[in-house]
Each structure stands twice: as C-alpha cells, then as structure tokens.
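Chain by chain, the residues:
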Amino acid sequence: MGLKHKDLLDIKGLNREEITLILDTAESFKEVTGRDIKKVPTLRGKTVVNLFFEPSTRTRTSFELAAKRLSADVINFSVSSSSVIKGETLLDTARNIEAMRSDFIVVRHSASGAPHLLARNLNSSIINAGDGSHEHPTQALLDMYTIRERKGRLEGLKVAIIGDITHSRVARSNIYGLTRLGAEVRLIGPPALLPPGIESTGASVYYHVEEGLSDIDVIMVLRIQLERQGKNYFPTQREFARLYCLTPERTMLAKEDVMVMHPGPINRGIEISPDVADGLSSVILEQVTNGIAVRMAVLYLLGGAGEA
Ligand code: CP
C-alpha cells in the first residue's frame, strides 16, 4: 500500500494511519541501511532532484543517500551557480527541471508555501524539505520514528519542545504529528517566541522551563533562528541561555529515562549545553541516522508503492 498523495507537503494533511504507515515502512528500510550493501533496486530508473534554496547539512545529504540507497539517480541543484541568480523564478526553475523528466523534487525554500506552489503546477512528486516557518515534515517523521524506536510507542508520552516555537517549522510539524499520534505536547519558551493561539493545536504552553519539564519523557530542543527574526525577541542570547538553555540540572527535572533531541544545527551553550548535547540522554545523532530510513520510506510510498 502506498500513500494516496502525489506530494508530501506537511504533517497537518496526514492522518494517523498515514503517519503510522510511513514509520512502519521506515522500520523495514532501517534494516536495509544496516546491511553491508545498503542498496535496493526499488527506484531504479527514477530521478530525484534536490532543490535547496536555503543551506542544509542533514536534510539534503539524507535525501541524497536515501535516494541512492533506493537506486534512484540524484541531482543536487546548486542555487548559487544556477540561473536563479539571473532572476529566474522558482516556478520557472522547477518547470525546467521537470522538463528533464524528474520524478521527485525535494524543495527547501525560505518562503512558506513554496512547495505547495510547485505541487499545484508540476507533475513530479514534491517533497517539502522545510518551507519558511511553516513545516518540515520529514524532520518530524524522523523525530517520531526515533521516539517510537526508543520508547516503543508515542501514545501517552509527554513531549516538551523548548525554544523558538514561533519561527520553527520543526516545532509545527512535530506538534501536528505528535498530538495526532496521542502524545501530550508542552511548548516551553519566552512569550515572544510562542505564537498566539498555538494552544488550538492541542499543545499546552509553559513560560518556565522548571514547570514545563516536570515528568517529561522526551525533550526536544530548538535552535534560536536568528535568521528568521525581524526584531529582537529577547534582550541577549546570554539572557535566553540563562532562562531556557537545557542544562544537566534542568534535564534532571524530567523523567530519569528522558531522551533529549535536537533537529540540528545546535548552538552549544545557547539552547543546549555541551554536556547535555553529548550526554547519555542525547539521541541527536540517532535522529540523523534514522532520517535516511524515514526519507527512503517517503520516496518509496510516494512512488506509488504497491499500486496495481
Ligand atoms: N534539521 C535540519 O533541517 O537540518 P539541516 O538544516 O542541516 O538540513
């Protein structure tokens, strides 16, 4: 059974069964990525284009490896050496890529809704690799996969997301996904970094780390996104760190077997202390490893897996 969608644009548009299907499928691909020869012929003859208009270390590399492990051909489009700098629009650029017979276009863009624009106008499957402050669906899927792998379930778990919620596409995708799968989500940050009305998603809001972390199973720390902030939301980074940085002392407020996550890139000493980032509770690099299996599952399921 495949996903009944041409594109993966957000988590908000996925139901519980669809999210579970992706996570279950990723489990099979995780086994493949652990083999000596980490390759299956599933997408042989298909072409995946990575179209990243913003920097990326993890997501772009992970999609490239996922596509290669499924035997697809992969093109990494470099915006800085393309005709984008001569003024070509996003849509014209993508139409030209599709004219070369792409099957999947993985897009990251600073404008919220950019992948949706491509999805409406192109036949290729569009995968959102992060659009502005809107969503980052494959990050949330790999986060949910990592939690489920470690804890055996998502239902009933208490997950705290700390930091810059307002500008975080990772937070938005995780809030939709985790609440849909039955987890309790707490959002912790200064009032200026918590969007008004966010409680309507089912998440609860805390302004003090000490309150929000009590009895928590999973802590997800977010980076302060200085590049998306048009104004100062807190006096200084030092002030933010004093109040919200995840330190070993603060981690101890959560459950003893708490797992600490971060989507990366991390700012050591600002939102997370090096001791916690590199400590025994941290699964930050496991998240990166799992990203490949999850993205293999997404490519496989969008490719019409199992269709007659
Ligand atoms: N988590 C994440 O999206 O990382 P990159 O920006 O390195 O892709």
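Preceding this section is the structure that the text describes.
Residues numbered from 1 in each chain as written. Predicted model: local features only at pLDDT ≥ 70, side-chain atom pairs only at ≥ 80, totals over all residues. Heavy atoms only, no water.

S.K.: What is the right way to read the overall build of the protein chain from this model?
M.R.: Along the protein chain, the regular secondary structure elements total 11 helices and nine strands. Relative to its 308 residues, the protein chain shows a buried fraction of 56%. Within the protein chain, residue pairs in contact and separated by at least 24 positions form 74% of the contacts whose partners lie at least 6 positions apart. When the accessible surface of the protein chain is split by element, carbon and sulfur atoms take 51% of a total near 13,400 Å². If you average the places of the 37 positive and of the 37 negative side-chain charges in the protein chain, the two averages end up 4 Å apart. (Helix = DSSP H or I, 4+ residues; strand = E, 2+ residues; numbered from the N terminus. Buried < 20%, exposed > 50% of the residue type's maximum accessible area, 1.4 Å probe, protein only. Contact = heavy atoms within 4.5 Å. Areas by Shrake-Rupley, 256 points an atom, 1.4 Å probe, with all protein chains shown as cover. Lys, Arg positive; Asp, Glu negative; His and termini not counted. Charge placed at Lys NZ, Arg CZ, Asp CG, Glu CD.)

S.K.: When you look at the environment of Ile11 in this model, what are you seeing that I'm missing?
M.R.: Looking at the secondary structure, you find Ile11 in the segment before α1 (16-33). The buried category is assigned to Ile11, whose relative accessible area is 0%. Placed 65 residues apart in sequence, Ile11 and Asn76 show a C-alpha to C-alpha distance of 25 Å. Other than its neighbours up to four places away in sequence, Ile11 contacts Ile19, Glu135, Pro137, Ala140, Leu141, Ser173, Tyr176, Gly177 and Arg180.

S.K.: Would you mind going over empty space enclosed by the protein with me for this structure?
M.R.: By rolling a water-sized probe across the atoms, one finds the places where empty space is left. Scanning all chains against the criterion turns up one cavity of 30 Å³ or more. Counted as a void, the largest cavity has a volume near 60 Å³. Around the largest cavity sit Arg58, Ser62, Gln139, Leu142, Pro263, Gln287, Val288, Gly291 and Arg295, which together line it. Elements with a contribution of two residues or more to the lining of the largest cavity: α2 (58-69), α5 (137-151) and α11 (284-302). Here the residues of the lining of the largest cavity are counted per class, giving three nonpolar, four polar and two charged. (1 Å grid on protein atoms, 1.4 Å probe; cavity = no way out; pocket = protein on both sides within 12 Å on 5 of 7 lines; lining within 4 Å. Points joined across faces, edges and corners; volume = space filled by probe spheres on them. Nonpolar A, V, L, I, M, F, W, Y, C, P; charged D, E, K, R; others polar.)

S.K.: Whenever I open this one, unusual backbone geometry confuses me. Can you help?
M.R.: With glycine set apart, most residues show a phi of negative sign, and most peptide bonds adopt trans. Of note, the amide linkage connecting Gly264 to Pro265 takes the cis form, showing an omega dihedral of -5°. By the secondary structure assignment, Pro265 is in the loop between β9 (259-261) and α10 (274-277). A positive phi angle, close to 70°, is found at Ser71, a residue other than glycine. Of note, Ser71 is situated in the loop between α2 and β2 (73-78). Positive phi is not limited to glycine here, since Arg101 has a value of about 70°. Of note, Arg101 is situated in the loop between α3 (90-99) and β3 (104-109). You can call Arg101 exposed: its relative accessible area is 65%.

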